[in-house]
Amino acid sequence: MSDRADYVPPKVWTWDKESGGRFASINRPIAGATHEKALPVGRHPLQLYSLGTPNGQKVTILLEELLALGHTGAEYDAWLIRIGDGDQFGSGFVEANPNSKIPALVDRSGPTPIRVFESGAILTYLAEKFGAFLPTEPAARAETLSWLFWQMGSAPFLGGGFGHFYAYAPTKFEYPINRYAMESKRQLDVLDRRLAEHEFVAGDAYTIADMAIWPWYGGLVKGWLYDAAEFLEVQSYRNVLRWADQLLARPAVQRGRKVNRLTGDPADQLHERHDASDFDTKTQDKLAGAQA
């Protein structure tokens, strides 16, 4: 691996196992399973295999919002996929998602299990399945899906671009940090201008577009991502901050953010979720710890 400013790409690229920085142990240029491992199956119709990253939080927030609305069919088991350990390369997970990325969902409510992968696809599938958080009126539906896909297309520049080079790359380089900081701030400005005119991203209704965007951009302005709040001057995006706080006040968002989470305050981590009472157990543990 070369860190020289005058690096010239070779005629043919070859894989350098040391070039992945923090993620060198799990990144590779080929797909497929590395080991045999079946996925566990719980008792609920929906089986989620995930990790509490921003992409994983999108789905658990939606599931908790659906349950809060009374959709009992949205009960789910959330199994932890430890991507640092390579769980996403197990044969069962690759069968659920050949791209080996979290989250992956298997719907076992019908006679034949249905796999759904890519977070945007999962959000759309669940919203359509339960008839919630995705408008049916054509103009409102188009607006919601447009912002959903805006997130899908934009977040890689924030995470894989800015987040990687600012926080994770083994060597800091000015050019990529400047390039992706500029793009991240542009995206925040897009959101800020939109939210200056509307309560929620897609308009006056809370939708899967908000649930997709919030873990990334809400998390960014709340200072949860990359320790970059000061660097990006996130306090200047007042409308995004208003919206981020508004969603954070929702109990279902608070619950969804905890599921499959491995970082932060242990009281805010629920490594696996198999029943609504699991959240109560965490609360009881927190109280017990405070009283100890």
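Above this note sits the structure.
As a starting point, this report considers the structure included with it. (Residues numbered from 1 in each chain as written. Predicted model: local features only at pLDDT ≥ 70, side-chain atom pairs only at ≥ 80, totals over all residues. Heavy atoms only, no water.)

As a further point, take the nonpolar core. Counting residues in each nonpolar core, the largest one holds 61 residues, and the members touching the most others are Leu 126, Ile 208, Tyr 217 and Trp 243. Residue assignment for this core shows that the elements contributing at least two residues are strand S1 (46-50), helix H1 (54-68), strand S2 (76-80), helix H3 (119-130), helix H4 (138-168), helix H5 (174-197), helix H6 (208-221) and helix H7 (238-248). Filtering out sequence-adjacent residues up to four positions away, Tyr 217 remains in contact with Trp 150, Ser 154, Ala 155, Leu 158, Gln 187, Leu 188, Leu 191 and Val 240. Core analysis: the next-biggest nonpolar cluster, separate from the first, contains 10 residues, Tyr 49, Trp 79, Ala 96 and Val 106 among them. (Core = buried A, V, L, I, M, F, W, Y, C linked by side-chain atoms within 4.5 Å. Buried < 20%, exposed > 50% of the residue type's maximum accessible area, 1.4 Å probe, protein only. Helix = DSSP H or I, 4+ residues; strand = E, 2+ residues; numbered from the N terminus. Contact = heavy atoms within 4.5 Å.)

Hydrogen bonding along the main chain pairs the strands of a sheet, whether they run parallel or antiparallel. On the basis of which strands lie adjacent, the open sheet formed by four strands has the order S2-S1-S3-S4 and mixed pairing. What marks the edges here is a single partner per strand, and that holds for S2 and strand S4 (114-117). The mean inter-strand angle of the sheet, taken between neighbouring strand axes irrespective of direction, is 20°. Bridge analysis of S1 against strand S3 (residues 104-107) gives four bridges, and the strand direction is antiparallel. Along S3, the bridge assignment pairs Leu 46 with Asp 107. Across the sheet, H1 is in contact with S1 and S2; its angle to S1 comes to roughly 150°. Across the sheet, H3 lies against S1, S3 and S4, angled at about 130° from S4, the strand it touches most. (Pairing = 2+ DSSP bridges. Axes fitted to C-alpha atoms, helices over the stretch in contact; angles between N-to-C directions.)

Let us now look at the side chain of Ser 100. Here Ser 100 lies in the loop between helix H2 (91-96) and S3. Leaving out residues up to four positions away in the same chain, Ser 100 has contacts with Gln 88, Phe 89, Phe 93 and Val 94.

Counted at 1.5 Å a residue, the expected span for H1 with its 15 residues is 21 Å, and the 21 Å between its end C-alpha atoms agrees. Most of H1 is tucked away, with 13 of its 15 residues classed as buried. Remark: Gly 70 follows H1 within two positions and exhibits a positive phi of approximately 100°. (Expected span 1.5 Å × (residues − 1).)

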